[in-house]
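What follows is each chain in one-letter form.
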Amino acid sequence: MSIKAEAEKRNHRKLGAELELFMFREEAPGMPFYLPKGMQVRNILENLWKQKHHKAGYHEVKTPIMMKQALWEQSGHWDHYHENMYFSKVDEHDYAIKPMSCPGAVLIYSSKRRSYRELPLRYAELGLVHRHELSGSLNGLLRVRSFTQDDAHLFVREDQIKEEAAKVLELVHEFYSLFGFEYKVELSTRPEEFMGSEETWNLAEASLESVLQERGIPFEINSGDGAFYGPKIDFHITDSLGRSWQCGTVQLDFQMPEQFGCQYIGEDNLAHRPIMIHRAIYGSIERFLAILIEHYAGDFPFWLSPVQAMVLPVSEAHIGYALEVKARLEEAGCRIDIDSRAEKLGLKIREAELQKVPYMIIIGEKEIEQGGAALRKKGAGNLGVLHLQELLDRFRDEDRPGGK
């Protein structure tokens, strides 16, 4: 099969509909509706993100979706991003719906007096943002108008830049490894339109380049593609078809703390300006989910599957015990569904496999007598009758990020 044909077979819009993960409607162009199974996968991604960030010393925050226009003028987004923003008027005041979460993080930082002892201060936010993309450029979950960025904003001293950037690189590598992704790195430098001085930009670019070199990470220079407020490191993951997708980013920003007058009191008891590191790992939940669907061809590993096992009673007489098995597995945290329709077992198995359910648990007379269940694995066939504890042990072993 050609790469083009294989890519079409893996098209996330097609699989998203077939597997009942998400949908789009004309009532909200470019704004996805998540269906129950899609929410299961999304929640797994978000919970994983929260756990890893808590462990890495981040504080989770949430900032408003809509804030006054003056804020966006102060941040520089009004001048540099105006055409991609949505606006509203409330109580005779002009507002903008946020296209990014960084100004909100700055307001949280500036809400109290800060000491050098508090830095680095790491804020993490799953921020819902809206951007006005042209209708012709919309493409399933890959390019939408409403999406959730896995943002983080770190406020650091100048002497902490390298160490904090290195920790971000480690976290990015840890995440991508869980999904089996290899990746390439680009250092994007000063664009034609930028904020701040060339001297500050040169310092920022040199800092990021030094971190990459010291960690022995190969990278290419992407000249002129930095953000308007600072240079950035971009991560391009490679999927199972060898296609490259830009996801994560680390951006060094000397400008926004200046624009908002951010300060901390140093060891010398004088006011100093922090530096801001913006970063994302998934890039956005929507885009990353689209890439995962195509990477796995919708055949998610067990730990990521919205339905991990389908219980299939052979006949109506076996439904009672099948429901007991389902309840036992759900109590242990497994994601289980049941097909109790009065259909032939072969049809139920074929439909479960079409829905790419990793396991089928078949319940008939023999299984009830033995107090167990017959296990069938998608693509591998029958695995024999197992006691419920054996089922639980098997599922627990596989239900971990990076598992099968």
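Residues numbered from 1 in each chain as written. Predicted model: local features only at pLDDT ≥ 70, side-chain atom pairs only at ≥ 80, totals over all residues. Heavy atoms only, no water.

Mind showing me how you'd approach unusual backbone geometry here?
One can expect most non-glycine residues to show negative phi and most peptide bonds to be in trans. Put simply, L119 and P120 share a cis peptide bond, and its omega is 5°. Position of P120 among the secondary structure elements: in the loop between helix 6 (102-109) and strand 7 (121-130). In this model, N269 sits at a positive phi of 70°, which is unusual for a non-glycine residue. In this structure, N269 sits in the loop between strand 13 (264-265) and strand 14 (271-272). Notably, A297 is not glycine yet its phi reads approximately 55°, a positive angle. Among the secondary structure elements, A297 is positioned in the loop between helix 10 (285-296) and strand 16 (309-313). Judged by its relative accessible area of 15%, A297 is buried. (Helix = DSSP H or I, 4+ residues; strand = E, 2+ residues; numbered from the N terminus. Buried < 20%, exposed > 50% of the residue type's maximum accessible area, 1.4 Å probe, protein only.)

Even after reading the chapter, I still don't get the domain arrangement of the protein chain, so can you show me in this structure?
One frequently used descriptor of interface size is the decrease in accessible area upon assembly of the parts. Its domain assignment divides the protein chain into domain 1 (1-65 + 103-294) and domain 2 (300-397). Once you take the C-alpha centre of each, domain 1 and domain 2 turn out to be 39 Å apart. Across the boundary between the two partners, domain 1 contributes 15 residues, which contact 10 residues of domain 2. Across the interface of domain 1 and domain 2, roughly 1000 Å² is buried in total on both sides, 78% from carbon and sulfur atoms. When residues of domain 1 are sorted by the area they lose upon contact with domain 2, L19, K37 and I44 head the list and together hold 45% of the total. Linking domain 1 with domain 2 are 0 salt bridges, by the criterion used here. Linking domain 1 to domain 2 there are 2 residue pairs in polar contact (both at pLDDT 80 or more). (Domains from an automatic or database assignment. Contact = heavy atoms within 4.5 Å. Buried area = accessible area lost by both parts, 1.4 Å probe. Salt bridge = Lys/Arg side-chain N within 4 Å of Asp/Glu carboxyl O. Polar contact = N/O pair within 3.5 Å; in protein donor to acceptor, adjacent residues only side chain to side chain.)

Can you help me understand the packing of aromatic side chains in this one?
Taken as a whole, this structure holds 18 aromatic pairs when the rule is applied. Taking the centre distance of 5.2 Å and the plane angle of 65° together, the rings of W78 and F87 count as edge-to-face. Using a relative accessible area of 36% as the deciding quantity, one classes F87 as partly exposed. Note on F302 and F395: the rings are 5.2 Å apart at their centroids and 35° apart in plane angle, and the pair reads as tilted. You can see F302 sitting in the loop between helix 10 and strand 16 and its partner F395 sitting in helix 14 (residues 388-398), a full 93 residues away along the chain. The structure contains a cluster of three or more aromatic residues connected by ring pairs, namely F175, F179, F181, Y282, F288 and W303. Over the ring of Y109 we find R114, and its NZ or CZ is 5.3 Å from the ring centre. (Phe/Tyr/Trp six-rings, centres within 6.5 Å; stacked < 30°, edge-to-face > 60°. Lys NZ or Arg CZ within 6 Å of the ring centre and 35° of its normal.)

Sorry, what's going on with the UniProt feature "domain: Aminoacyl-transfer RNA synthetases class-II family profile" (unreviewed entry) in the protein chain here?
Per the UniProt record, "domain: Aminoacyl-transfer RNA synthetases class-II family profile" (unreviewed entry) is found at residues 36-301. What you have in residues 36-301 is 35% helix and 27% strand, and the ends, taken at the C-alpha atoms, are 18 Å apart. (UniProt positions renumbered as here; feature names shortened; annotations may be inferred.)

What is the right way to look at helix 10 in this model?
The periodicity of an α-helix, 3.6 residues per turn, causes residues three or four positions apart to be oriented the same way. Here helix 10 is 12 residues long and its end C-alpha atoms lie 16 Å apart, about the 16 Å a rise of 1.5 Å per residue gives. By the criterion of burial, helix 10 is predominantly enclosed, with 11 of the 12 residues buried. Just beyond helix 10, the residue with positive phi is A297, at close to 55°. (Expected span 1.5 Å × (residues − 1).)

Before we go on, may I ask you to explain the nonpolar core in this structure?
Buried together is how nonpolar side chains tend to be arranged in soluble globular proteins. One finds Y176, F179 and L304 to be the most contacted residues of the largest nonpolar core, which totals 59 residues. No other element matches helix 7 (residues 161-178), which puts 10 residues into this core. Counting residues in each nonpolar core, the second largest holds 21 residues, with M85, Y109, M256 and M276 among its members. (Core = buried A, V, L, I, M, F, W, Y, C linked by side-chain atoms within 4.5 Å.)

Please clarify how the sheet that holds strand 20 (residues 381-387) should be interpreted in this entry.
Each strand in a sheet pairs with another by means of backbone hydrogen bonds, the pair being arranged parallel or else antiparallel. Overall, mixed pairing links the 5 strands, which are arranged 17-16-18-19-20 in an open sheet. Unpaired on one side and paired on the other, strand 17 (336-338) and strand 20 mark the two borders of the sheet. Across this sheet, the average inter-strand angle for adjacent strands is 25°, counted without regard to direction. Two strands pair when backbone bridges link them, and strand 18 (residues 359-363) and strand 19 (residues 372-377) are joined in this way by 4 bridges, in the antiparallel orientation. For I361, the partnering residue across the bridge sits in strand 19 and is L375. Helix 11 (residues 319-331) rests against strand 16, strand 17, strand 18 and strand 19 of the sheet, and its axis sits at about 165° to strand 17. (Pairing = 2+ DSSP bridges. Axes fitted to C-alpha atoms, helices over the stretch in contact; angles between N-to-C directions.)

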